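# Remarks on the overall topology
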Amino acid sequence: MRETRSDGELLSAAADGDRRAFEELYRRYAPWLTARLRGRCADPGVVDDVVQETFLAVWRGTARYREDGDVAGWLWRVGARRLVDALRGDGARGRLRQTLARLRHRHEASAEERVLAGVEHGDLAGALTRLSPDLRAVLQATVIDGLTTREAAVLLGIPPGTVKTRALRARKRLREELA
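Not measured: the values here are computed from a predicted model. (Residues numbered from 1 in each chain as written. Predicted model: local features only at pLDDT ≥ 70, side-chain atom pairs only at ≥ 80, totals over all residues. Heavy atoms only, no water.)

When helices and strands are counted, the protein chain shows ten helices and zero strands. Start at the N end of the protein chain and walk to the C end: the helices and strands fall as α-α-α-α-α-α-α-α-α-α. Buried positions account for 30% of the 179 residues belonging to the protein chain. Put simply, 55% of the contacts in the protein chain that link residues at least 6 apart link residues at least 24 apart. (Helix = DSSP H or I, 4+ residues; strand = E, 2+ residues; numbered from the N terminus. Buried < 20%, exposed > 50% of the residue type's maximum accessible area, 1.4 Å probe, protein only. Contact = heavy atoms within 4.5 Å.)

To continue, consider the environment of R77. Within the secondary structure, R77 is located in helix α4 (residues 71-88). Judged by its relative accessible area of 43%, R77 falls in the partly exposed class. On a C-alpha basis, the gap between R77 and T54 in space is 9.6 Å, while along the polypeptide they are 23 residues apart.

What follows covers the pattern of salt bridges. Enumeration over the complete set of coordinates arrives at eight salt bridges. Between R28 and E24 there is a salt bridge; the shortest N-O distance is 3.5 Å. In this pair, R28 and E24 both sit in helix α2 (residues 19-38), four residues apart, roughly one turn of the helix. In this structure E24 comes out as partly exposed when scored by relative accessible area, which is 24%. One salt bridge connects D48 with R38, and the closest N-O pair in it is separated by 3.3 Å. Of this pair, D48 sits in helix α3 (residues 44-60) while R38 sits in helix α2, placing them ten residues apart in sequence. (Salt bridge = Lys/Arg side-chain N within 4 Å of Asp/Glu carboxyl O.)

To continue, consider α2. Taking 1.5 Å of rise per residue, the 20 residues of α2 would be expected to cover 28 Å, and the 27 Å separating its terminal C-alpha atoms lies within 8% of that figure. Those residues of α2 that are buried are in contact with α1 (7-15), α3 and α4. A distance of 3.0 Å separates the backbone nitrogen of R20 from a side-chain oxygen at the start of α2, and that oxygen is part of D18. (Expected span 1.5 Å × (residues − 1). Polar contact = N/O pair within 3.5 Å; in protein donor to acceptor, adjacent residues only side chain to side chain.)

This is the structure:
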């Protein structure tokens, strides 16, 4: 019969590179952490990312357990901090997106700038009417109404990835029409 290791023992072994101990810790706490985080965030994709980032931090040793408290409580604090970062957009991906956005197309006008220029110099109304209703709806929600991708997805009843794809297509078509 196999002896069950304590949470502290599993964490200590995982910190020493024991993959089996890490996997056991993950099986023991990932479902629980996912359920707790879903109570704070309705987006399952964000919650799944946060759970993965939490356990990655445990595996890499960037989240340190001081052996003076409950492992579940400690994992909750690590996960909750990462959830706040993700929701603020301050997570690693958010910071990377912000940096890339600043570097990308510094000399090229954005789609929004081209649309505004089209109001003055081009046939914006014609270009908009030539967009499919799906593309036009996403453009309306994200550019004109100023909604985030998530908000637009909820409003339109489609996944956030679909909103992003349609927004890219709409911007590309408007660029082509107004160029």
